[in-house]
Amino acid sequence: MKLYNLDKIPWEESQLIYHALAELGREALCLVSPQTPYVCIGFHQDAPQEVDLEYCCAHSIPVFRRDLGGGAVYLDGEQLFFQLILHKDNPRVPKRRPVFYQKFLRPIINTYIRIGIPAQYRPVNDVITDTRKISGTGAGEIGECIVFVGNLIVDFDYETMARVLKVPDEKFRDKVHQTLRNNLSTIRRELGGRAAEQWTEYRLNALMAEEFQKLLPPLVPSQKDPELTDKIDELKARMLTQEWLFQKSRKRRPGREVKVSAGTNVLHRIHKAEGGLIRTDFELSEGRYGNVSISGDFFCFPEEAVAWLENELEGKTIDMSRSILDRFYSEQKADTPGIKPDDWMQVLGV
């Protein structure tokens, strides 16, 4: 099995190489990192809805649509990526997706443990330390292969990640920024700057290769050959076009949702009820509300009643929201024909 330990490469090749290997049907492990930053969106996403394209253009940050699912992410050279390409009929590939993730995330967990970070697996596809995510991963099928990608996060630019996203307003952007800081960690953050510096890209890639070798056939160090280079160029001509980037995706419900980690999302919801427009911004972590903010152009509820509802929802589960709304209408005297509990559930349900 081929090992492409390529270190820093042009940003577009850091994506195109695993697409090319999968389309060629080659099993391989790639260890790469982009020379320059870029934004990568999932295949099913709509670029103008997910990414602030004007900001990215002004700051020379390319945007790429991958042929795998998932959300929009900001990627740069402080993230070291592994890309595992396996045939779908390979007997080493578990048929059940959770078992697949648990098996092939073990090398990343072991790498973190070897450098002094107590990482562990969190279903379905996260690696965490304490309660914070410390590796972003995803898997999908390209051609006859399964592609599994993820990273070691040496450092992370939280501010730019929050900035490149298309958001309804700056208040929501601030919420995304803070939630990222609270729920995503890095090698530098966990070990401290001086201790982290000893773990160079070369050493970390070597550790990843050692750990993946325990699960794979003998890895043969390889370089790009003419067939692979030609396939990358072929994909470049298709996947770096405006047509590929701006192809339309499925419609989504009004509002915005940003996934931070498994079980933690930041949401913006809007709903036009008979009695006015309702907006909510909130975090949802393990099914519980956090930092709930309610606004709109409705006039039927006094300010203190809305504040009561925000406070009551804090830390509660989605399943409890209906009973809280019942109390809202009874205890806060908030009854109105224009906005009913079902209207609130449009912006509080998921």
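In this text, all values refer to a predicted model and were calculated from it rather than measured experimentally. (Residues numbered from 1 in each chain as written. Predicted model: local features only at pLDDT ≥ 70, side-chain atom pairs only at ≥ 80, totals over all residues. Heavy atoms only, no water.)

Caption draft 1: Representation of the overall build of the chain. Looking only at helices and strands, one finds 15 helices and 16 strands in the chain. A compact globule built from 350 residues would reach a C-alpha radius of gyration of about 20 Å, and the chain, at 22 Å, matches this within 12%. Dimensions of the chain, computed from the C-alpha atoms along their principal axes, are close to 70 × 45 × 40 Å. Out of the 350 residues belonging to the chain, those deemed buried represent 54%. Put simply, 67% of the contacts in the chain that link residues at least 6 apart link residues at least 24 apart. Roughly 15,900 Å² of accessible area belongs to the chain as shown, and the carbon and sulfur atoms make up 50% of that amount. Computing the positive centroid from 47 side-chain charges and the negative centroid from 51, the chain places the two 3 Å apart. (Helix = DSSP H or I, 4+ residues; strand = E, 2+ residues; numbered from the N terminus. Rg over C-alpha atoms; globule rule 2.2 N^0.38 Å. Buried < 20%, exposed > 50% of the residue type's maximum accessible area, 1.4 Å probe, protein only. Contact = heavy atoms within 4.5 Å. Areas by Shrake-Rupley, 256 points an atom, 1.4 Å probe, with all protein chains shown as cover. Lys, Arg positive; Asp, Glu negative; His and termini not counted. Charge placed at Lys NZ, Arg CZ, Asp CG, Glu CD.)

Caption draft 2: Layout of the nonpolar core. V39, L84, Y112 and F148 are the most contacted members of the largest nonpolar core, which has 63 residues in total. It is helix α10 (residues 201–213) that contributes the most residues to this core, five residues altogether. Contacts of L84, omitting those with residues within four sequence positions, involve M1, A28, L29, F104, I146, V147, F148, F212 and L216. (Core = buried A, V, L, I, M, F, W, Y, C linked by side-chain atoms within 4.5 Å.)

Caption draft 3: How the structure looks around the pattern of salt bridges. All chains considered together, the criterion is met by 23 salt bridges. Between D126 and K133 there is a salt bridge; the shortest N-O distance is 3.9 Å. Taking the relative accessible area as the measure of exposure, K133 reaches 13% and is therefore buried. Among the ionic pairs, R327 bridges to E331, the shortest N-O distance being 3.3 Å. Here the residue R327 and the residue E331 both occupy positions in helix α14 (residues 321–331), the gap between them amounting to four residues, near one helical turn. Taking the relative accessible area as the measure of exposure, E331 reaches 45% and is therefore partly exposed. When salt bridges that share partners are traced, they join E23, K231, E234 and R238 into one network. (Salt bridge = Lys/Arg side-chain N within 4 Å of Asp/Glu carboxyl O.)

Caption draft 4: Seen up close, unusual backbone geometry. Following P123, the chain continues to V124 via a peptide bond in cis, the omega torsion being 5 degrees. One can find V124 in the loop between β7 (119–122) and β8 (126–129). With a phi close to 50 degrees, N291 is a non-glycine residue in the positive phi region. Tracing the sequence through the fold places N291 in strand β16 (residues 288–296). Taking the relative accessible area as the measure of exposure, N291 reaches 41% and is therefore partly exposed.

Caption draft 5: Just the side chain of K175, in detail. When you line up the elements, K175 lands in helix α7 (residues 170–183). Once you skip the residues sitting within four places of it in the chain, K175 turns out to touch V266, D281, F282, E283 and N291.

Caption draft 6: Highlighting the side chain of D76. Considering the arrangement of structural elements, one finds D76 in the loop between β5 (73–75) and β6 (79–87). One buried charge, D76, has no salt-bridge partner; the nearest side chain with opposite charge is K8, at 8.1 Å. Polar side-chain contacts of D76 include one of 3.0 Å to the backbone nitrogen of E78. Setting aside its immediate chain neighbours within four residues, D76 contacts S33, P34, P37, F81 and D157. (Polar contact = N/O pair within 3.5 Å; in protein donor to acceptor, adjacent residues only side chain to side chain.)

Caption draft 7: Region of interest: the sheet that holds β7. Pairing within the open sheet is antiparallel, and its three strands lie in the order β7-β8-β9. Taken across any chain shown, the strands that pair with only one partner, and hence form the sheet edges, are β7 and β9 (132–135). Across the sheet, the axes of successive neighbouring strands diverge by a mean angle of 50 degrees, strand direction being ignored. Where β7 lies against β8, four bridges are found, and the strand directions are antiparallel. Its bridge partner being in β8, Y121 is matched across the sheet by V127. (Pairing = 2+ DSSP bridges. Axes fitted to C-alpha atoms, helices over the stretch in contact; angles between N-to-C directions.)

Caption draft 8: Quick peek at the packing of helix α1 (residues 11–24) against helix α11 (residues 226–239). At their nearest, the axes of α1 and α11 sit 9 Å apart, and the two run at 115 degrees to each other. Between α1 and α11, the angle falls in the class roughly perpendicular. When the axes of α1 and α11 are compared, the crossing they make is right-handed. Contacts between α1 and α11 involve E12, E13, L16, I17, H19, A20, L21, E23 and L24 from the first element and E227, L228, K231, I232, L235, K236, R238 and M239 from the second. Counted by class, the contact of α1 with α11 contains nine nonpolar, one polar and seven charged residues. (Parallel < 35°, antiparallel > 145°, perpendicular 65-115°, else oblique. Left-handed = near helix turned anticlockwise from the far one by under 90°. Nonpolar A, V, L, I, M, F, W, Y, C, P; charged D, E, K, R; others polar.)

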